[in-house]
Amino acid sequence: MSWPIYRSAYIDAAFVPVHGGELQVILHPVTGAPMAEVMMAGPEEVDLAVQAAARAQREPALQDRARRIEMLRSLQASVLSHEAAIRESVIEEYGAPLARASWVGRYASDCFGHAADLLRDHPFRRTQGSTEVWMEPVGVSALLVPWNSIAGTMCSKLASALAAGCASVIKPSEFSPWQTQAVAVALHEAGLPPGIFNIVSGSGTQVGQALCTHPAVSKVSFTGSTATGKLIARAGVETMKRVSLALGGKSATIVLDDADLATALPMAIAVAFMNNGQACVAGSRLLVPRSRLDEIEEQVRHIVDGLVVGNPRDPATGLGPLASQAQYERVQQFIRRGQAEGARLLIGGEGHPAGLEHGWFVRPTVFADVANDMDIARQEIFGPVLCLIAYDDDQDAVRIANDSPYGLQAYVFSAQAERARRMAGQLQVGSVLINRIAPDLMAPFGGVKQSGVGREFGAAGIDAFLEPKTVVTI
Ligand code: NAD
């Protein structure tokens with residue numbers, strides 16, 4: 001059998017062979033069989049890419065708002081025309097169900113459209129009394145991307161950096177060469193001037209570290225785990241890089257005692273198992289009123305029992321396989337730990353679902369009788385494992401929700417929007433979604449506590465690539 005070997009970086013608007021030498025095999029999430037190999041780039045390619053970006057940073061096209069809007073529109077159109085190829089790569093390499101994979105292709109293109117819309121009126125000249133504040137591009141930016149959201153994060157970060165006037169080097173996860181290639185081809189066909197964006201895939205310790213310590217890189221925009229985020233913040237301090245960190249989460253979904261369960265619980269399960277459970281914003285702790293615990297347990301069990309787990313290509317499938325064997329094993333380990341900690345399996349458990357013994361399929365799992373100090377309630381499991389936690393009253397719900405090292409997002413369901421808004425005011429998180437699970441992609445997104453530093457998306461996302469220069473005159 002043979003499979004493709006991905007061995008190029010994208011530097012100065014050309015696909016060039018990499019010399020890193022280390023090969024990594026990618027296994028198919030549905031079958032577990034080898035499907036591709038990727039040759040990792042190394043510091044040599046990082047240096048070439050950073051130099052290309054540094055040259056492009058002086059490009060007149062990057063200084064001009066109208067030209068940047070044109071480039072964003074070209075990227076939007078090109079990515080849209082490659083929607084099918086991106087969707088295929090997301091299904092095959094990542095195991096995302098068809099609906100999710102289809103959304104990814106469109107979303108990746110929309111990122112550029114949103115940035116172009118915002119850029120028309122973005123204020124680069126501001127005033128403070130009689131003082132002028134010029135918002136200037138921070139300079140060459142490193143954009144670090146996790147495996148659980150390759151196309152979306154490559155495009156959202158590139159869109160914000162370009163809107164702000166920054167040339168960039170994108171470092172996608174080394175575990176996603178097919179998705180990276182599909183996006184890179186789409187971006188290339190937009191025909192931007194050389195060096196404005198470059199793409200180098202490779203390991204975090206080689207390529208990631210080289211980028212985060214490179215003296216010509218001014219800004220690091222990182223999305224990934226909290227553990228790696230800390231390494232990146234430390235690595236960047238030597239050259240005082242500006243660092244934005246979008247990190248992990250253990251988000252709470254709070255169902256208030258007046259909520260319509262028939263609406264709230266399907267949404268709560270959907271947001272817990274979103275992206276096959278591999279989402280930073282997964283609502284992996286479901287906080288429910290003790291007074292309604294029995295009926296909620298019964299309904300949650302029923303909804304999860306009805307979830308179709310299987311081939312991601314089948315439109316009926318709600319849950320595909322996890323992305324890798326490492327993810328599969330991590331989830332199994334947490335399911336065992338939850339049982340050892342005394343939580344009760346409401347549904348699911350260890351092992352593969354019946355009939356899906358190959359690949360990285362897991363059983364959607366809900367634990368009841370969870371105490372918020374158990375590991376399964378505190379750590380990011382990153383798979384379809386939901387913790388059901390009972391609370392006594394609204395204050396108890398807030399206390400439990402906030403008792404977490406993380407603070408990315410929270411969801412509140414209530415029949416009274418004002419009551420939910422009052423609760424939102426007490427939650428220590430970057431975003432609260434009330435009676436919905438779809439975010440507003442033009443609004444600031446990011447976390448507090450160990451979920452990150454800084455904000456992405458919308459105008460806040462553009463500002464994250466700008467530095468204020470204050471000009472005081474008589
Ligand atoms: P990860 O931290 O292992 O890797 C993320 C990126 O950093 C990859 O490109 C990786 O190669 C690189 N990297 C790894 N070690 C590095 C180092 N020492 N120096 C520089 N770069 C390094 O994360 P992951 O496993 O790819 O992604 C999953 C995590 O990302 C989860 O914790 C999830 O919650 C988080 N995430 C957060 C958001 C958000 O917006 N807050 C969105 C998606 C994913």
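Conventions we followed
- Residues numbered from 1 in each chain as written.
- Predicted model: local features only at pLDDT ≥ 70, side-chain atom pairs only at ≥ 80, totals over all residues.
- Heavy atoms only, no water.
- UniProt positions renumbered as here; feature names shortened; annotations may be inferred.
- Helix = DSSP H or I, 4+ residues; strand = E, 2+ residues; numbered from the N terminus.
- Rg over C-alpha atoms; globule rule 2.2 N^0.38 Å.
- Buried < 20%, exposed > 50% of the residue type's maximum accessible area, 1.4 Å probe, protein only.
- Areas by Shrake-Rupley, 256 points an atom, 1.4 Å probe, with all protein chains shown as cover.
- Lys, Arg positive; Asp, Glu negative; His and termini not counted.
- Charge placed at Lys NZ, Arg CZ, Asp CG, Glu CD.
- Disulfide = S-S within 2.5 Å.
- Domains from an automatic or database assignment.
- Buried area = accessible area lost by both parts, 1.4 Å probe.
- Salt bridge = Lys/Arg side-chain N within 4 Å of Asp/Glu carboxyl O.
- Polar contact = N/O pair within 3.5 Å; in protein donor to acceptor, adjacent residues only side chain to side chain.
- Nonpolar A, V, L, I, M, F, W, Y, C, P; charged D, E, K, R; others polar.
- Phe/Tyr/Trp six-rings, centres within 6.5 Å; stacked < 30°, edge-to-face > 60°.
- Lys NZ or Arg CZ within 6 Å of the ring centre and 35° of its normal.
- Near = heavy atom within 4 Å.
- Pairing = 2+ DSSP bridges.
- Axes fitted to C-alpha atoms, helices over the stretch in contact; angles between N-to-C directions.
- Contact = heavy atoms within 4.5 Å.

Looking at an unreviewed UniProt entry, one finds the protein named aldehyde dehydrogenase (NAD(+)), with Frateuria aurantia as its source organism. Listed under Catalytic activity (unreviewed entry) in UniProt, the entry text for the protein is "an aldehyde + NAD(+) + H2O = a carboxylate + NADH + 2 H(+)".

Student: Explain the overall build of the protein to me, please; I cannot follow it from the model alone.
Tutor: What the protein contains, in helices and strands, is 16 helices and 23 strands. In summary, the protein has a C-alpha radius of gyration of 22 Å against a globular reference of 23 Å for 474 residues, a match within 12%. Taken over the C-alpha atoms alone, the protein extends approximately 70 × 65 × 40 Å along its principal axes. Of all 474 residues assigned to the protein, the portion counted as buried reaches 56%. Summed over all atoms, the accessible surface of the protein reaches about 18,600 Å², with 54% contributed by carbon and sulfur. Taking the 40 positively charged and 48 negatively charged side chains of the protein as two groups, their mean positions are separated by 5 Å.

Student: Hey, could you run me through the state of the cysteines in this one?
Tutor: Working definition of a disulfide: a covalent bond connecting the sulfur atoms of two cysteines. One pass over the full model with this rule turns up zero disulfides. With no disulfide partner, Cys-111 has as its closest neighbouring cysteine sulfur the one in Cys-155, 5.9 Å distant. For Cys-212, which is in no disulfide, the shortest distance to another cysteine sulfur is to Cys-166 and amounts to 16 Å. The buried category is assigned to Cys-212, whose relative accessible area is 1%.

Student: Would you explain the domain arrangement of the protein in this entry?
Tutor: A common way to report how large an interface is uses the accessible area buried once the components associate. When cut into domains, the protein gives domain 1 (5-247 + 451-472) and domain 2 (252-442). Summarising the inter-unit geometry, the C-alpha centres of domain 1 and domain 2 are found 30 Å apart. Summing both partners gives a buried area of about 2,300 Å² for domain 1 against domain 2, and 58% of it is carried by carbon and sulfur. At the boundary of domain 1 and domain 2, one finds two salt bridges. We note a salt bridge from Arg-313 to Glu-92, for which the minimum N-O separation is 2.7 Å. Across the contact surface, domain 1 and domain 2 share eleven residue pairs in polar contact (both at pLDDT 80 or more). At the level of elements, helix H4 (83-94), helix H5 (98-119) and helix H16 (458-463) are the ones that each hand at least two residues to the side of domain 1 that touches domain 2. By residue class, the composition of the side of domain 1 that touches domain 2 is 14 nonpolar, nine polar and five charged.

Student: How should I be thinking about the packing of aromatic side chains in this particular structure?
Tutor: Geometrically, a pair of aromatic rings is defined through the distance of the ring centres and the angle of the planes. In this structure the tally under the stated criterion is six aromatic pairs. With a centroid separation of 4.9 Å and 55 degrees between ring planes, the pair formed by Tyr-10 and Phe-15 is classed as tilted. Exposure remark for Tyr-10: the relative accessible area of 4% places this residue in the buried category. Overall, Phe-15 belongs to the partly exposed group, its relative accessible area being 31%. Measuring from centroid to centroid gives 5.8 Å for Phe-445 and Phe-457, while their planes differ by 75 degrees, and the two rings are edge-to-face. Of the two residues, Phe-445 sits in the loop between strand S20 (431-434) and strand S21 (448-449) while Phe-457 sits in the loop between strand S22 (452-453) and H16, which places them twelve residues apart along the sequence. Given the relative accessible area of 18%, Phe-445 is considered buried. By the ring-pair criterion, three or more aromatic residues cluster together here, those being Tyr-10, Phe-15 and Phe-197. For Arg-337, the ring lying beneath its charged end belongs to Phe-334, and the centroid distance is 4.6 Å.

Student: Where do I start with the site of the ligand in this structure?
Tutor: The local shell around the ligand holds 27 residues, among which Glu-174, Ser-225, Thr-228, Leu-247 and Glu-380 are the closest. Contacts to the ligand include Gly-224, whose backbone N or O atom sits 3.3 Å from an oxygen atom. Leu-247 is positioned such that a nitrogen or oxygen atom in its backbone is 2.7 Å from a nitrogen atom of the ligand. Protein chains shield 88% of the accessible area of the ligand, which is 850 Å² for the free molecule.

Student: Where do I start with the sheet that holds strand S1 (residues 5-6) in this structure?
Tutor: The strand order across the open sheet built from three strands is S1-S5-S4, with neighbouring strands paired in mixed fashion. In the strand order of this sheet, the two ends are held by S1 and strand S4 (23-27), each with one partner. The pairing of S1 with strand S5 (residues 34-39) spans two bridges and is parallel. Bridge pairing in S5 links Ile-5 to Glu-37.

Student: Help me understand the pattern of salt bridges, please; the structure alone is not making it clear to me.
Tutor: When their charged atoms lie close together, side chains carrying opposite charge are able to pair. Considering all chains together, one arrives at 25 salt bridges under this definition. One salt bridge in this structure joins Arg-120 and Asp-117, with 3.9 Å as the shortest N-O distance. Since its relative accessible area comes to 51%, Arg-120 is described here as exposed. Residue classification places Asp-117 among the partly exposed positions, given a relative accessible area of 31%. Asp-396 is the salt-bridge partner of Arg-399, the closest N and O atoms lying 2.9 Å from each other. A residue pair is termed a helical-turn pair when its members lie 3 or 4 positions apart in one helix, as Arg-399 and Asp-396 do in helix H14 (residues 394-402) at three residues.

Student: Which parts of the structure should I look at to understand the sheet that holds strand S15 (residues 344-347)?
Tutor: Spatial ordering of the open sheet is given by S15-S16-S17-S14-S13-S19-S20, a layout of seven strands whose pairing is mixed. Two strands close off the open sheet at either side, each with one partner strand: S15 and S20. Sheet twist, expressed as the mean angle between neighbouring strand axes with direction ignored, is 25 degrees. Contacts from H14 reach strand S13 (252-255), strand S14 (285-289) and strand S17 (385-391) within the one sheet, and its direction differs from that of S17 by about 140 degrees.

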